[in-house]
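Geometric and topological summary
Here's the letter readout for the chains.
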Amino acid sequence: MQRRIVVMVLIVLGLGIIVFNAGAPQATANPPGQFDDPVRQGEYIANIARCVACHTPILAQYDPNQNEEYGEEEIRTGALFARDTLDNDMWMAGGTVFNFGAAGAVTASNLTPHETGLGEWTDEEIKAAIQSGVSPDGRRLHPIMPTMNIMAESDLDALVAYLKSLEPIENEITNDLAVANPPAEAPEEPIAAPVPSDQAERGAYLATIMNCSGCHTASDPETRQPMMDLFLAGRQPFERDYGVVYAGNITPHDGTGLGNWEHEDLERAIVEGVRIDGRRLGLMPWQDYSHLTPEDLDALVFYLTDVVQPVDNAIPATALNEPYIEFVEGVGDADDDEEDEAPGILVAVVGGLLIIGIGSIVLFTRRRKSSK
Ligand code: HEC
Ligand code: HEC
């Protein structure tokens, strides 16, 4: 009788181990891809679509024009941890300057609800600027501001709600461009469909608003338009203080693209900025993308591996200068946490099953014996 109690306890223990271990990772794995609160959803889109990265100024310390001691450390932070260079006290108050040499410079606008920002803009005017790149005065916004005509209506509303929730900050922005922006003759037609729920479409939508193509598609040297037959197949190098950086071929092509990358490798590159060989990626805005919900990250990766056409296009390897190499190598081990977790679950399940199995055999043979 006592033996039987021990056996029962073992069975319960075995089941417990299985249930506990199988249940634990799932409890945290599936937060929703969308947020119910529009302000929270707007903040989400502002992070992953990089409105924050462009519309928040960088700290003077990281600006070569303002810092005489601009050196290795500043360059390194700018290249590898760009988010850390932002001035959080001037959140979304404009000021990132894009310098085009002789053509002048354009500054990302103040998007806070101050009168020097969007304080006097209506919701519809803000939405039109984002969707079609036109200003209420009829001016065409500089093309560095990505127009997002595919942005879903609910995400536009969420962005407006978020922008209006920001602390108003006084910051008058004036642009000084030698050549005026092209006139707003043919603004892009807004599509304003609902947020796609199908995984492939959702992935495509995310890749568009997150502008992977802006850095990973080569542009025609004449027209400066992206070359769509080389969509996501890598582009011309970015020449920087720290080396020559190529945003590589991220199509699923075997050999020249990411054909042999596992889903986890891609996830790690996108949200942790770690390359398959453990090197930290430069310029790749992984800190902005680290906000992605697990569901959206899944959809984006599915789109890249299963929807995007493989393009045969070999891109040279990024070549960093000597002082920066030591900062970027080995930031991530080849072993991911998740890979360590999987055998752990396996051991627990097998262990649990073994305990139940032994328990049942003991119980069964005892029954047989006692029934004889
Ligand atoms: C790559 C940098 C970049 C990104 C990303 C970006 N913007 Fe902009 N944005 C700019 C620049 C530069 C301007 C100024 C253009 C001009 O004055 O011609 C601008 C202008 C604007 C304007 C017009 C404001 C005014 O006062 O004229 C709005 C509204 C705006 N952006 C909203 C957004 C939102 C919302 C997002 C994210 C969905 C976003 N931007 C992402 C660079 C960016
Ligand atoms: C601001 C420019 C920029 C944007 C936007 C950008 N990337 Fe990148 N990405 C880069 C650069 C540059 C590299 C290479 C960095 C290096 O080699 O150090 C890179 C590297 C990568 C890699 C690793 C490829 C390899 O062969 O090592 C992946 C994967 C990747 N990006 C995916 C994406 C995805 C997906 C998006 C959109 C969600 C995206 N990137 C948006 C600039 C960008």
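Throughout what follows, the structure given in this document is the object of discussion.

Let us look at the overall build of the chain. Looking only at helices and strands, the chain features 13 helices and six strands. Split into buried and exposed, the 372 residues of the chain put 40% on the buried side. Looking at the chain alone, contacts between residues at least 24 apart form 68% of all its contacts between residues at least 6 apart. Total accessible area on the chain is roughly 20700 Å²; 54% of this is exposed by carbon and sulfur atoms.

Within the first shell, the iron atom of ligand 2 binds the protein through His216 (NE2) and Met284 (SD), at distances of 2.0 to 2.2 Å. Look at His216 and you get buried, because its relative accessible area is 12%.

On to the environment of Leu111, then. Topologically, Leu111 is positioned in the loop between β2 (104–107) and α5 (123–132). Taking relative accessible area as the criterion, Leu111 reaches 13% and is therefore assigned buried. Along the sequence, Leu111 and Gly94 sit 17 residues apart, while their C-alpha atoms lie 6.6 Å from each other.

Within helix α4 (residues 72–80) the residues assigned to the buried category are Glu74, Ile75, Arg76, Thr77, Ala79 and Leu80. Taken together, the buried residues of α4 touch α10 (286–289) and α12 (322–328).

Looking now at the sheet that holds strand β1 (residues 97–99). Reading across from one edge, β1-β2-β3 is the order of the three strands in this open sheet, with antiparallel pairing throughout. Among the strands making up the open sheet, the edge pair consists of β1 and β3 (176–177). Relative to β3, β2 runs antiparallel, the two being bridged by two bridges. Bridge pairing in β3 places Gly104 opposite Leu177.

The coordination sphere of the iron atom of ligand 1 contains the protein donors His55 (NE2) and Met145 (SD), at a distance range of 2.1 Å. Here the iron atom of ligand 1 binds six donor atoms, and the angle range of 87 to 179° at the metal identifies the geometry as octahedral. Residue His55 is located in helix α3 (residues 51–55), and its partner Met145 is located in the loop between α5 and α6 (153–165); the two are separated by 90 residues in the primary sequence. With relative accessibility at 24%, the residue Met145 sits in the partly exposed group.

Turning next to the packing of α5 against α6. Where α5 meets α6, the closest approach of the two axes is 10 Å, and the angle between their N-to-C directions is 120°. As summarised for this structure, α5 and α6 are arranged oblique, according to the angle between their axes. When you trace α5 past α6, the crossing you get is right-handed. Judged by residue contacts, Asp123, Ile126, Lys127, Ile130 and Gln131 of α5 engage Glu153, Leu156, Asp157, Leu159, Val160, Leu163 and Lys164 from α6. Among the residues forming the contact of α5 with α6, the class breakdown is six nonpolar, one polar and five charged.

Okay, the nonpolar core next. One finds Met92, Met151, Ile209, Ile270, Leu292 and Leu304 to be the most contacted residues of the largest nonpolar core, which totals 47 residues. Mapped onto this core, the elements with two or more residues apiece are α2 (38–48), α3, α5, α6, α7 (199–209), α9 (263–272) and α11 (294–306). Top element by residues in this core is α11. It accounts for six residues.

In this section: the sheet that holds strand β6 (residues 319–320). Overall, antiparallel pairing links the three strands, which are arranged β4-β5-β6 in an open sheet. With one partner strand each, in any of the chains shown, β4 (238–240) and β6 form the two edges of the open sheet. For β4 and strand β5 (residues 243–245), the ladder comprises three bridges, and the chain directions are antiparallel. Looking at the pairing, Glu239 lines up with Val244 of β5.

A full pass over the atoms with the stated rule returns ten salt bridges. Between Glu43 and Arg40 there is a salt bridge whose closest N-O contact spans 3.4 Å. One end of the pair is Glu43 and the other is Arg40, both in helix α2 and three residues apart, which spans about a single turn. The exposure class assigned to Arg40 is partly exposed, which follows from its relative accessible area of 32%. Between Glu124 and Lys127 there is a salt bridge, with the nearest N and O atoms lying 3.7 Å from each other. Remark: Lys127 and Glu124 occur in helix α5; sequence separation between them is three residues, near one turn of the helix.

Let us now look at a negative patch on the surface. Together, Glu115, Glu120, Glu170 and Glu172 make up a region of like negative charge exposed at the surface. Here Glu172 lies in the loop between α6 and β3. Note on Glu172: relative accessible area 59%, which makes it exposed.

Thresholds applied
- Residues numbered from 1 in each chain as written.
- Chains lettered and ligands numbered in written order.
- Predicted model: local features only at pLDDT ≥ 70, side-chain atom pairs only at ≥ 80, totals over all residues.
- Heavy atoms only, no water.
- Helix = DSSP H or I, 4+ residues; strand = E, 2+ residues; numbered from the N terminus.
- Buried < 20%, exposed > 50% of the residue type's maximum accessible area, 1.4 Å probe, protein only.
- Contact = heavy atoms within 4.5 Å.
- Areas by Shrake-Rupley, 256 points an atom, 1.4 Å probe, with all protein chains shown as cover.
- Donors = N, O, S within 2.8 Å, 3.2 Å for Na, K, Ca; no water.
- Pairing = 2+ DSSP bridges.
- Tetrahedral: all angles 85-135°; square planar, octahedral: opposite > 155°, others 65-115°.
- Axes fitted to C-alpha atoms, helices over the stretch in contact; angles between N-to-C directions.
- Parallel < 35°, antiparallel > 145°, perpendicular 65-115°, else oblique.
- Left-handed = near helix turned anticlockwise from the far one by under 90°.
- Nonpolar A, V, L, I, M, F, W, Y, C, P; charged D, E, K, R; others polar.
- Core = buried A, V, L, I, M, F, W, Y, C linked by side-chain atoms within 4.5 Å.
- Salt bridge = Lys/Arg side-chain N within 4 Å of Asp/Glu carboxyl O.
- Patch = residues over 30% accessible without salt bridge, like charges linked within 9 Å, V, L, I, M, F, W, Y side chains within 5 Å.
- Lys, Arg positive; Asp, Glu negative; His and termini not counted.
- Charge placed at Lys NZ, Arg CZ, Asp CG, Glu CD.

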